[in-house]
Amino acid sequence: MKKHVFFDLDNTLWDFDASSMLAFEKLFEDFHLINYNIASAEQFHGVYMGYNEHLWELYRQGKVDKAFLKKERFRLPLHDFGVDDDSLAYEIGEHYTYWSPRLVALVPHAIELLEHLRPDNGIHLITNGFAEVQNVKIKEAGIDRYIDTMTVSEEIGIKKPDPRIFLHAMEKAGARAEDSLMVGDDLAVDILPAKAVGMRQCFFNRKGVAHNETIDMEIKDLAELFFES
């Protein structure tokens, strides 16, 4: 029976933090943000990340929609710097949406792992990201050729950690839970719901998050999966 490996995308294969920082360096230069009392791309990115993470959590919970998230994630940090300009926030947001998936940054060993897994496994993605952005990411990074199926929450109206998205992804892949492994960097969003539907789980604990959960596998480097798969 063929095995199937399901990956989260952001901060599991695609290094979201690194690519986001590259995009902010471009934003800082293109919009001359030094003129808005913003000292550096790093400073602006740090403020943005706090708001972005909170807004994405609200989005996962269904408390805000995509349009609200995209509007507020730049309006709020600009406001912190004393800039109340909805038009500028919109333009920066559109610029970021275009460039962030095109400034490629992959997690170390991502390509090598996909090459290693490809001959004997189906490879799939389960992501909460926006469809138009995630499709660009995998193409620009050259990992689309390894992916058999991609399940995007926006397209099916179900977001992780809802277990139904994992069931949908397995059905789409023609996979059984007992033959499936879920690899992700978020314990609550990726790993525990995968466990709840009977999938094996691999927590990519790159940041060394402390926890007391019982899971099948935990790694700090994708290269460790070479020996587990």
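Residues numbered from 1 in each chain as written. Predicted model: local features only at pLDDT ≥ 70, side-chain atom pairs only at ≥ 80, totals over all residues. Heavy atoms only, no water.

(A) Just the side chain of threonine 12, in detail. Here threonine 12 lies in the loop between β1 (3–7) and α1 (16–30). The residues touching threonine 12, leaving out its near neighbours within four places in the chain, are Phe7, Val107, Val183, Gly184, Asp185, Phe204 and Leu222. (Helix = DSSP H or I, 4+ residues; strand = E, 2+ residues; numbered from the N terminus. Contact = heavy atoms within 4.5 Å.)

(B) Expanded view of the packing of α1 against helix α2 (residues 41–60). With their axes 9 Å apart at the nearest point, α1 and α2 run at an angle of 125 degrees to one another. Overall, the two elements α1 and α2 adopt an arrangement that is oblique. For the element pair α1 and α2, the recorded crossing hand is right-handed. Packed against α1, whose contacting residues are Phe16, Asp17, Ser20, Met21, Phe24, Glu25 and Phe28, the element α2 presents Ala41, Glu42, Phe44, His45, Tyr48, Met49 and Asn52 at the interface. Along the lines of polarity and charge, the residues of the contact of α1 with α2 split into 8 nonpolar, 3 polar and 3 charged. (Axes fitted to C-alpha atoms, helices over the stretch in contact; angles between N-to-C directions. Parallel < 35°, antiparallel > 145°, perpendicular 65-115°, else oblique. Left-handed = near helix turned anticlockwise from the far one by under 90°. Nonpolar A, V, L, I, M, F, W, Y, C, P; charged D, E, K, R; others polar.)

(C) Quick look at the environment of alanine 196. In this structure, alanine 196 sits in helix α9 (residues 187–196). Judged by relative accessible area, alanine 196 falls into the exposed class, the value being 61%. A C-alpha to C-alpha distance of 29 Å links alanine 196 and leucine 106, two positions 90 residues apart in sequence. (Buried < 20%, exposed > 50% of the residue type's maximum accessible area, 1.4 Å probe, protein only.)

(D) Highlighting the pattern of salt bridges. All told, the structure shown has 17 salt bridges when counted by the stated rule. For glutamate 94, the salt bridge is made with lysine 70, and the minimal N-O distance between the two is 3.9 Å. Residue glutamate 94 is located in helix α4 (residues 86–99), and its partner lysine 70 is located in helix α3 (residues 66–80); the two are separated by 24 residues in the primary sequence. For arginine 75, the salt bridge goes to glutamate 72, with nearest N and O atoms at 2.7 Å. Of this pair, arginine 75 and glutamate 72 both sit in helix α3, 3 residues apart, which is roughly one turn of that helix. (Salt bridge = Lys/Arg side-chain N within 4 Å of Asp/Glu carboxyl O.)

(E) Highlighting the environment of alanine 169. By the secondary structure assignment, alanine 169 is in helix α8 (residues 163–173). With relative accessibility at 1%, the residue alanine 169 sits in the buried group. The spacing of alanine 169 and glycine 157 is 12 residues in sequence and 13 Å in space, taken between C-alpha atoms. In this structure alanine 169 touches Phe6, Ile126 and Thr151, once residues within four positions along its chain are discounted.

(F) Highlighting the sheet that holds strand β4 (residues 180–184). An order of β3-β2-β1-β4-β5-β6 is seen for the 6 strands of this open sheet, with the pairing classed as parallel. Bordering the open sheet on either side are β3 (149–152) and β6 (217–219), each of which pairs with just one other strand. Sheet twist, expressed as the mean angle between neighbouring strand axes with direction ignored, is 20 degrees. Relative to β6, strand β5 (residues 200–204) is paired through 3 bridges, and the arrangement is parallel. Residue pairing in the sheet places cysteine 202 in a bridge with methionine 217 of β6. Contacts from α9 reach β4 and β5, with the element oriented near 165 degrees to β5. (Pairing = 2+ DSSP bridges.)

(G) Expanded view of α8. Within the sequence span of α8, burial applies to Ile165, Phe166, Ala169, Met170 and Ala173. The arc that holds the buried residues of α8, viewed along the axis, is 135 degrees, so those residues lie on one side. Exposed residues lying more than 90 degrees from the buried face of α8 are Arg164 and Glu171. Of the surrounding secondary structure, the elements contacted by the buried residues of α8 are β1, β2 (121–127), β3, α7 (153–156), β4 and α9. Residue glycine 174 follows α8 closely and has a positive phi angle near 70 degrees. (Arc of directions from axis to C-beta.)

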